[in-house]
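Analysis of the macromolecular model
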Amino acid sequence: MHLQQSPLHLFKRLRISYRVIHYGRSYSHNSLGDIAQTARRDEITKFKERFNFPKATHTIWQLYRDGSFQTRLQQGAAPKVVLHGWIDSPPRKVSRTRAFANLRDVQFLYRTAEQIQNENHQASDEDVATIQLFEDLTTRSADINSPGVALLRRMKQETCVCVEGHVCRAKGNIPWRLEIAVDRITILNNAEDMVSQMRGAKDWDPKYRYLQLRSFRLQRALAMRSKVATLIRNVFEGHGFTEVETPLLFRSTPEGAREFFVPSRTEVGKMYALPQSPQQYKQLLMASGVHRYYQFAKCFRDEDLRKDRQPEFTQVDLEMSFVKASDVQDIVESILVRLWKAIKGIELRHPFKRLPYIEAMSRYGIDKPDLRSDMEIYDLSEFATSTANPDYPVFEILVFHAENSKFPAVVSAPEGSPTLRTPLSHRIRLSKEEPSKWLNRCVAEFDLKLVSDIETTAREIMKKFDIRDGDVVYSCTRQQMPFENPTPLGRQRLQIMQETMNFSEKDPAPLWVVDFPLFTPTETGRVVNGYVEFDYTRLVATHHPFTMPSIDSLPAVFDAARDESSSVDARTIFGQHYDIVVNGVEVGGGSTRIHDSSLQRFVLSRILQVPGIRMHVEAGEIEPDNPFTHLLNALTMACPPHAGLALGFDRLCAMLNGSDSIRDVIAFPKTQTGADPLVGSPSRVTDEQLGAYHVQLKK
C-alpha cells in the first residue's frame, strides 16, 4: 500500500537539494532564506539598471550615414556601440540559442528633399529607421548568467531598451544592411501586452496618441513641421522682420466666428476671449512703429470641425507698414518658393498667377480654384439667359470630354447646405438624338430665353466649345456676382477632378485670388425653388471688417459716407483682399488694412452695423460699448498705411507632408467633437471651482 507523504516530509526533502532557475542563472541552496536574499539582490540590480544605464554612443542614423564609420566597417572592424530605443517588432527565435529583433532608434533626423538630392545613399530614411539585433548565446563572450543578458528572445514589442553590442554587416542580398551582435541588453521599461496589439490595429485609439506618434510616418511629419518653421523664420529674418508675441487673453469682438471665453476671477462678470487671430494686435503694432512683424500665433475658433479644422490652430502671421499688397505677396511667394524647393525638391514658377475673384468664380465656380486641370466653366450669356430666378440669370455649362473615361456622377448638394440645386447632366449621343436635345432640357429646367432658335443656338454652342459625340454637358445657373460659393458647377468640376484625374505633386499650381467683394450679403435662411435667398441690405465683411476698399471703389464708399440716406451695393464694392491658393487649397489670406479712422468707423457703424459704434464722435467722447475703441483710437494717431497676411501653418504643413488631414502634422490634435481623449479634455469642474470665477451653470 502506497503511503501518502505529508507536507512536512516534502518540505524536508526540498531543503536537502533545491535548485531554481532565475534570470538565466542556476543556484543551489540549503535554505529558502538564501534563495529570497539572492532573488532580492537580482531584483535590485535589475531595478538600478533602469535608471543607471550607459550613454548612447551612436544613433542608427549615424551608423548608416556617418562616412568614417562606414570606412571602419569596410576595413573589417566591428565597432562596439551602445544604442537606445524600442523593440520595433516581436523577437524571432530561430533556435534555442539564436534570436532576432528590430530596434527602432530614439532619435529621428529629418532631411529635406534638397539634402537628399545632394547625397548619394542606397537606403531611404525609412530603411534606416530601424536596425536588426542578433543574439547568439553560443558565441557570447560575456557571462550569459549575469542579470539582463539573454532576454532578447523574451522581449515584448515596444519594450524600451539599452543595447550594447558590435556592429557588423548583415547577411543577405542587401549590401548596405547592418545589424548589431548583442552583448548585453537592458530593459529600461517594459511594455504592456496591449501595446503590441495596438500596433497591429488599423485605427488607433486616440487615448494612446503617444504610441501612435512613435511611428516613422508621424515622427517624420513632426520633424518636417519643425523644419518648415525654421525655414520660414529664416526668410523673415532675411527680410528684416521682428518676431513679436501677442497676448492670448484678449477681449470679445465681433469678428465672425464663435469665441472661447475665459472668466475673470478678479473682475466680476467679465471674461477674456481667446483670440480668433492676432489681427487687431498686429495692427496696433503697426501704429506702434514696428515696421515688419511676424509670429507663429495660436488662434482659437469655436467652429464646426472637419478634417482640415481644429478649435485651436497655428497661423504664420505677418504685417508690414508703408507697403502695398504686392510687397506682402512678394514675401509670401519667397516663403512658398523656399519651402517647396527645400521640402519637396520642386521649383515653383513665380511670380504666381493673379486671378480676380469674379473670373475665378465664373471660370472655375469657386474662389480657391485648382488650376492643375484646364477644365473650365463656360458662360453662355451671349446665347441665353435664365428667367427662373432674377437673382440667378447667368446660364453656364461645364463640358467633360468623356472619351474612354467613366461617366462622372452628378454632384449632390453639400451636407448641411440650404441649397437643393444640382447641375443638369446630359451625355451627347448624336447617333440617337437631335443635337439640340440637351439644350431643350435646359430650356425647360432653367426657363431659358434664347437669342436665336434652339437648333441654331445648340449648333453654335457646340461648335464654339468643341462639344463632341460622347461628351457630358453639365448645366446650371448662377448669380451675376456669385456669392454662392462654390457654385453647383464649381462643385461638379471638383468632383470630376477627384474621380477621373490624377495629378503629380511635382506640378503644383499656386495662384493669388484678388479683387474680392468687400462685403457679402447675408443669407435669409429661405430657399425658393432650390435657390438660396440673400438679403442685400444686411452685409457682412467678406474677409474681415478692417480690409481696405479697392481704389476704384473708394468714390462709391466716400459718397455713401457723406449721404446717410444712401446704401452700399455689395455687388459693386471690391476690397484689397488677396488669398494664396495652392492646388485648390486656400493656404492663406491677407489684405491691405484701413488705416483711416473715419473710414474704419463708417464701415463698422454704417455698413456692418456693429452695436456700440457711432459714425461721429466728439473729441474726448467715450463709447462704453464700442468693442473696437482701442483700434479706432490708434488709427487717429498717425497710424501708417499697412498690409499683412496669415498663412495656415497646419494646413501648409499637411500639404507639404502629402497628408489629407492636418491631424497628421499636429502632435496632439482634437477630435471632430473638439475633445482630447488623451488627457480627457474638456473636463467637468466643481461648483466650488466655478464659484471662484463668479460662474454658475444652468441647471
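Residues numbered from 1 in each chain as written. Predicted model: local features only at pLDDT ≥ 70, side-chain atom pairs only at ≥ 80, totals over all residues. Heavy atoms only, no water.

Turning next to the packing of helix H10 (residues 325–344) against helix H18 (residues 649–657). At their nearest, the axes of H10 and H18 sit 10 Å apart, and the two run at 40 degrees to each other. Remark: the crossing between H10 and H18 carries right-handed chirality. Contacts between H10 and H18 involve Leu336, Leu339, Trp340, Ile343 and Lys344 on the former and, on the latter, Leu652, Met655 and Leu656. Of the residues assigned to the contact of H10 with H18, the class counts are seven nonpolar, no polar and one charged. (Axes fitted to C-alpha atoms, helices over the stretch in contact; angles between N-to-C directions. Helix = DSSP H or I, 4+ residues; strand = E, 2+ residues; numbered from the N terminus. Left-handed = near helix turned anticlockwise from the far one by under 90°. Contact = heavy atoms within 4.5 Å. Nonpolar A, V, L, I, M, F, W, Y, C, P; charged D, E, K, R; others polar.)

For the rest of this paragraph, the subject is unusual backbone geometry. In this structure, the amide linkage connecting His350 to the following residue, Pro351, adopts the cis form with an omega of 10 degrees. Within the secondary structure, Pro351 is located in the loop between H10 and strand E14 (353–356). In this structure, Pro486 follows Asn485 across a cis peptide bond, with omega equal to 0 degrees. Take Pro486: it is sitting in the loop between strand E20 (472–478) and helix H14 (488–500). Of note, the phi angle at Asp447 is positive, near 50 degrees, even though the residue is not glycine. Following the sequence through the fold, Asp447 ends up in the loop between helix H12 (437–446) and strand E19 (448–450).

Positionally, His58 belongs in the loop between helix H2 (32–49) and helix H3 (60–65). Contact partners of His58, with chain neighbours within four places excluded, come to Leu63, Phe69, Val81, Val82 and Leu83.

We now examine the pairing of strand E26 (residues 642–648). Most of E26 sits inside the fold, with six of its seven residues counted as buried. In the sheet, strand E13 (residues 312–321) pairs with E26 via seven bridges, with the strands oriented antiparallel. Residue pairing across strands places Ser321 opposite His642, the latter belonging to E26. (Buried < 20%, exposed > 50% of the residue type's maximum accessible area, 1.4 Å probe, protein only. Pairing = 2+ DSSP bridges.)

For the rest of this paragraph, the subject is the nonpolar core. Formed by 49 residues in total, the largest nonpolar core has its most connected members in Ile232 and Trp340. Breaking this core down by element, the ones donating at least two residues are helix H8 (216–238), strand E12 (292–300), E13, H10, strand E21 (510–514), strand E24 (577–582), E26 and H18. Take this core: its biggest share by element is eleven residues, from H10. Apart from the residues within four sequence positions on either side, Ile232 is in contact with Phe296, Val316, Ile335, Leu339, Phe649 and Leu652. With 39 residues, the next largest nonpolar core counts Leu355, Met481, Ala570 and Met615 among its residues. (Core = buried A, V, L, I, M, F, W, Y, C linked by side-chain atoms within 4.5 Å.)

With that settled, the discussion passes to the sheet that holds strand E25 (residues 585–592). Ordered by their spatial adjacency, eight strands build an open sheet running E9-E12-E13-E26-E25-E24-E21-E14, and the pairing between neighbours is mixed. Both outer strands of the open sheet, strand E9 (242–243) and E14, are each paired with one neighbouring strand and no more. Examined bridge by bridge, E25 and E26 share five bridges and lie antiparallel to one another. Directly across from Ser591, in E26, lies its bridge partner Gly644. In the packing of H8 onto the sheet, contacts are made with E9, E12 and E13, and the angle to E12 comes to roughly 150 degrees.

Enumeration over the complete set of coordinates arrives at zero disulfides. Left unpaired, Cys162 is separated from the closest cysteine sulfur, that of Cys160, by 9.3 Å. The class of Cys162 is buried, set by a relative accessible area of 0%. (Disulfide = S-S within 2.5 Å.)

Next up on the list: a negative patch on the surface. Together, Glu434, Asp453, Glu455 and Glu460 give the surface a local cluster of negative charge. Relative accessible area serves as the criterion here: at 58%, Glu434 is assigned to the exposed category. (Patch = residues over 30% accessible without salt bridge, like charges linked within 9 Å, V, L, I, M, F, W, Y side chains within 5 Å. Areas by Shrake-Rupley, 256 points an atom, 1.4 Å probe, with all protein chains shown as cover. Salt bridge = Lys/Arg side-chain N within 4 Å of Asp/Glu carboxyl O. Lys, Arg positive; Asp, Glu negative; His and termini not counted. Charge placed at Lys NZ, Arg CZ, Asp CG, Glu CD.)

This part covers the environment of Asp136. By the secondary structure assignment, Asp136 is in strand E6 (residues 130–136). Overall, Asp136 belongs to the buried group, its relative accessible area being 11%. Look past the residues within four positions of Asp136 in its chain and what remains in contact with it is Thr97 and Arg98. Only 3.4 Å separates the side chain of Asp136 from the side chain of Arg98, close enough to count as a polar contact. (Polar contact = N/O pair within 3.5 Å; in protein donor to acceptor, adjacent residues only side chain to side chain.)

None of this, on its own, says anything about what the molecule does.
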